Amino acid sequence: MFLVGLTGGIATGKSSVAAVFNEYGIPVIDADQIARKVVEPGKSVWHKVRKEFGPEIFLDTNELDRKKLGDIIFNDVEKRKKLNAIMHPNIYREIYWQTLKYFIQGHQFIVMDLPLLFETGHMVNYLHKIIVVTCEEDLQLQRLMERTGCTKAEAKLRIAAQLPLERKVEMANFVIENSGSKDDTKKQTIKIINVLKASKFHWELRFLVVFCCTILLEGVCWLKNRILRSLPITK
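Residues numbered from 1 in each chain as written. Predicted model: local features only at pLDDT ≥ 70, side-chain atom pairs only at ≥ 80, totals over all residues. Heavy atoms only, no water.

- The name that an unreviewed UniProt entry assigns to the protein chain is Dephospho-CoA kinase domain-containing protein, with the source organism given as Eufriesea mexicana.
- Under the UniProt heading Sequence similarities (unreviewed entry), the note attached to the protein chain is "Belongs to the CoaE family." (UniProt positions renumbered as here; feature names shortened; annotations may be inferred.)

Describing a nonpolar patch on the surface
Here is step 1 of the chain: Taken together, the side chains of W97, L100 and I104 make up a nonpolar region of the molecular surface, amounting to roughly 370 Å² of accessible area.
Here is step 2 of the chain: Here I104 shows up in helix α5 (residues 77-105). (Patch = residues over 30% accessible without salt bridge, like charges linked within 9 Å, V, L, I, M, F, W, Y side chains within 5 Å. Areas by Shrake-Rupley, 256 points an atom, 1.4 Å probe, with all protein chains shown as cover. Salt bridge = Lys/Arg side-chain N within 4 Å of Asp/Glu carboxyl O. Helix = DSSP H or I, 4+ residues; strand = E, 2+ residues; numbered from the N terminus.)

What to know about the sheet that holds strand β5 (residues 174-177)
Note: strands within a sheet are paired through backbone hydrogen bonds, in either parallel or antiparallel orientation.
Here is step 1 of the chain: Across the sheet, which stays open at both edges, the 5 strands sit in the order β2-β3-β1-β4-β5 with parallel pairing between neighbours. The strands lining the two open edges of the sheet, one partner per strand, are β2 (28-30) and β5. Going across the sheet, the axis of each strand differs from the next one's by a mean of 20 degrees, ignoring polarity.
Here is step 2 of the chain: Summarising the sheet, β2 and strand β3 (residues 109-113) pair through 3 bridges and their orientation is parallel. Bridge assignment links D30 to a residue of β3, and that residue is D113.
Here is step 3 of the chain: The strands touched by helix α1 (residues 14-23) are β1 (2-8), β2, β3, β4 (129-134) and β5; relative to β1, the strand with the most contacts, the crossing angle is about 150 degrees.
Here is step 4 of the chain: Here helix α10 (residues 182-197) sits on the sheet and contacts β1, β3, β4 and β5; the angle it forms with β5, its principal contact strand, is near 165 degrees. (Pairing = 2+ DSSP bridges. Axes fitted to C-alpha atoms, helices over the stretch in contact; angles between N-to-C directions. Contact = heavy atoms within 4.5 Å.)

Notes on a negative patch on the surface
Here is step 1 of the chain: Residues E136, E137, D138, E166, E170, E177 and D184 make up a contiguous surface patch of negative charge.
Here is step 2 of the chain: When residues of the negative patch are traced back to their parent elements, those giving at least two are α7 (137-148) and α9 (165-170).
Here is step 3 of the chain: Within the secondary structure layout, E177 lies in strand β5. (Lys, Arg positive; Asp, Glu negative; His and termini not counted. Charge placed at Lys NZ, Arg CZ, Asp CG, Glu CD.)

Observations regarding the packing of aromatic side chains
Aromatic ring pairs are reported here in terms of the distance separating the ring centres and the angle at which the planes meet.
Here is step 1 of the chain: In total, this model carries 3 aromatic pairs according to the counting rule given.
Here is step 2 of the chain: Each ring, one from F2 and one from F109, has its centre 5.2 Å from the other, and the planes form 10 degrees; the classification is stacked. Linking F2 in strand β1 with F109 in strand β3, this pair joins segments that are 107 residues apart in sequence. Accessibility classification places F2 together with F109 in one group, the buried group.
Here is step 3 of the chain: Sitting over the face of the ring of F58, R50 holds its NZ or CZ atom 5.2 Å from the ring centroid. (Phe/Tyr/Trp six-rings, centres within 6.5 Å; stacked < 30°, edge-to-face > 60°. Buried < 20%, exposed > 50% of the residue type's maximum accessible area, 1.4 Å probe, protein only. Lys NZ or Arg CZ within 6 Å of the ring centre and 35° of its normal.)

Spelled out as structure tokens, the structure:
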């Protein structure tokens, strides 16, 4: 099984692309969904965030007020780093477990929806291919304002907190331009799916895993026999 990264800028439409992969039966690990899960009320990350940022960023239901937290971290780089240091270890731990589950199930490849793929750099070296979703700057700004209810100035601040789309596009294997219709985005995604499905890279990885497991098993057997031969013979 090989890994495909899906990233882009905030509000460029990664979710629409991920939905097409899901429609074709390809598993998608969504880092944003995991981030929401790890900070549910009562969990260890919830307590750490509350201790670091205070109770005022939580709703009456004890759920995290993501807009209030966003207003804080997008105006303060140091606070954003502190939040990432709290959240990321738990997020990546869940990503690894989900990846292992899909590997055992025998999938050819899976997609990892990682909004901050290039910003953190944690998963880049593990990905066989990277897809970047982009769109026109004005459209990105409009989508973000509509989605979050933030002002134009706040939206620009959030966009500026990420690596420029132009830089991400330069590092991509595939680029999906998501400024048009949903149908156009779907057609672009399907073309990429067909290319990925035609790849034989997953067989190379599976052979490597089997080979390593065989060597490990033989090593264990050799060590066991060596220990048994070294034991004194008792009558």
